[in-house]
Amino acid sequence: MRQHEIDGGGRAAGSGARRAVFSPVDNRARVDTVVRRIGDAIELGLLADGEQLPGESELAGQLGVSTVTLREALMALRQQGLVTTRRGRGGGSFVSLPEVPADDRLRARLRGWSTDELRDLGDHWAALSGAAARLAAQRTEPDDLHQLHRTADELVQVGETAARSRLYGRFHVELAAAAQSARLTREQVALQSEVGALLCLVLGSGEYREEVADRHRCLLRAVQDGAHETAGTLAERCVRESAARLVAVRLTL
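This write-up is about the structure you can find in this document. Counting from 1, residues in each chain are numbered in the order their sequence is written. In view of the model being predicted, local features appear only for residues whose pLDDT reaches at least 70, and side-chain atom pairs are presented and counted only at 80 or more, with totals across whole chains, interfaces and linings using the full set of residues. The side-chain values count all of the structure's non-hydrogen atoms but skip hydrogen atoms and water molecules.

### Describing the environment of R237
- Secondary structure follows DSSP: runs of H or I at least 4 residues long count as helices, runs of E at least 2 residues long count as strands, and numbering of each begins at the N terminus. Within the fold, R237 resides in helix α11 (residues 228-251).
- Using a 1.4 Å probe on the protein chains alone, a residue whose accessible area is under 20% of its type maximum counts as buried, one over 50% counts as exposed, and one in between counts as partly exposed. Of the residues examined, R237 reaches a relative accessible area of 55% and is grouped as exposed.
- Remark: the alpha-carbon pair of R237 and R215, spanning 22 residues in sequence, is separated by 8.8 Å.

This is the structure:
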């Protein structure tokens, strides 16, 4: 009997993924951890552009940090251009989605990776997504997958390459959330912050976008059917192919 996720819901980026963003942080280097956690979520699109963050006391409580620590983290996020603060009535801290780097800057960033590092990244990504898919197939019910279906559908419809890369990354974060594993979800968010923007270099092709969309649909069917080994294999193949395409682009630079 597969377990049904108790907390339903449906915010734009998936309730499970959002809960992982706002779960308590590690005791070590708490300011840096808060900055990385919220910054990664913003860059991935788990937190929407213009969205108001919870109030300081509420957010500090959710993250398990002091308000002093939270204020330092918000200051750092403002300096990075990821958060803006408005004073007065209706004020607070708001998400500011960064612009995706231009193609030449992305290629320059990709040059910072060796082909061995990219292959290692692909192995790590495949391990995370494969494990998440297997667990999701064992633990979820069809009603838990609505957000994943919406994200998969949006990937087909969206035309902007930057939006495609965010949706692709978000799909794999939401898959980890469907596995009901906060740790896997946080790991996937962190990984997407490394690779997410680079996927713009391979998702510009309409043909490859359709291929990815088909793989996501097949993966969702396997998860919905409870076919955990098939789901895991499909997830691994999907991300390995993307990593291989990044390697191919790297070899041309």
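### Here's the deal with helix α8 (residues 161-178)
- Between its first and last C-alpha atoms α8 spans 26 Å; for 18 residues at 1.5 Å apiece the expected length is 26 Å, and the two agree.
- A positive phi of about 60 degrees marks Q180, the residue just after α8. Residue count minus one, scaled by 1.5 Å, sets the expected span of a helix.

### Observations regarding the nonpolar core
- For our purposes a nonpolar core is just a set of buried Ala, Val, Leu, Ile, Met, Phe, Trp, Tyr and Cys residues, chained together by side-chain atoms within 4.5 Å. Within the largest apolar cluster, 48 residues are counted, with the highest numbers of intra-cluster contacts made by Y168, L175 and L219.
- When residues of this core are traced back to their parent elements, those giving at least two are α5 (103-111), α6 (115-139), α7 (146-157), α8, α9 (182-195), α10 (206-225) and α11.
- It only takes one pair of heavy atoms within 4.5 Å for two residues to be counted as in contact. Residue contacts for L219: discarding those within four places in its chain leaves A133, F171, L175, A231, L234 and A235.
- Judged by nonpolar contacts, the second largest core, of 27 residues, contains F22, I42, L47 and V173.

### So, the environment of R111
- The topology assignment puts R111 in helix α5.
- In this structure, R111 is in contact with R250 and L253, ignoring residues within four places of it in sequence.

### Focus on the packing of aromatic side chains
- Aromatic rings from Phe, Tyr and Trp, with only the six-membered ring used for Trp, were paired whenever their centres fell within 6.5 Å, and each pair was classed as stacked if the ring planes differed by under 30 degrees, edge-to-face if by over 60, and tilted otherwise. Inspection of every chain in the model, using the stated rule, returns one aromatic pair.
- For the pair W125 and Y168, a centre-to-centre distance of 5.9 Å together with 45 degrees between the ring planes defines the contact as tilted. Highlighted residues: W125 in helix α6 and Y168 in helix α8, separated in sequence by 43 residues. Across this residue pair, the class does not change: W125 and Y168 are buried.
- Consider the ring centre and the ring normal. A charge sits over the ring if Lys NZ or Arg CZ is within 6 Å of that centre and within 35 degrees of that normal. Against the face of Y208 rests R245, its NZ or CZ located 3.8 Å from the ring centre.

### Some thoughts on the packing of α7 against α10
- Between N-to-C directions, angles span 0 to 180 degrees; the directions come from axes that are lines fitted to C-alpha atoms, helices contributing only their stretch in contact. Viewed as axis vectors pointing N to C, α7 and α10 meet at an angle of 165 degrees, and their least axial separation amounts to 9 Å. Between α7 and α10, the angle is such that the two are roughly antiparallel. Two packed elements cross with a definite hand, and for α7 against α10 that hand is left-handed. On the side of α7, the interface is formed by L148, H149, A152, L155, V156 and Q157, while α10 contributes R209, E210, V212, A213, H216, R217, L220 and Q224.
- Split by residue class, the contact of α7 with α10 holds seven nonpolar, four polar and three charged. Note that the term roughly parallel is reserved for angles under 35 degrees, roughly antiparallel for angles over 145, roughly perpendicular for angles of 65 to 115, and oblique for everything else. The crossing is said to be left-handed when, going from far helix to near helix, the turn is anticlockwise and less than a right angle, and right-handed when the turn is clockwise. Ten residues, namely Ala, Val, Leu, Ile, Met, Phe, Trp, Tyr, Cys and Pro, are considered nonpolar, four, namely Asp, Glu, Lys and Arg, are considered charged, and the remaining ones, Gly among them, are considered polar.

### A look at the pairing of strand β1 (residues 83-86)
- Pairing between two strands is assigned when DSSP locates at least 2 bridges connecting them. Looking at chain direction, β1 and strand β2 (residues 92-95) are connected through four bridges and run antiparallel. Across the sheet, residue V83 finds its bridge partner in β2, namely V95.
- The antiparallel pairing of β1 with β2 creates a hairpin that spans five residues between the two strands, and G88 there sits at a positive phi of about 80 degrees.

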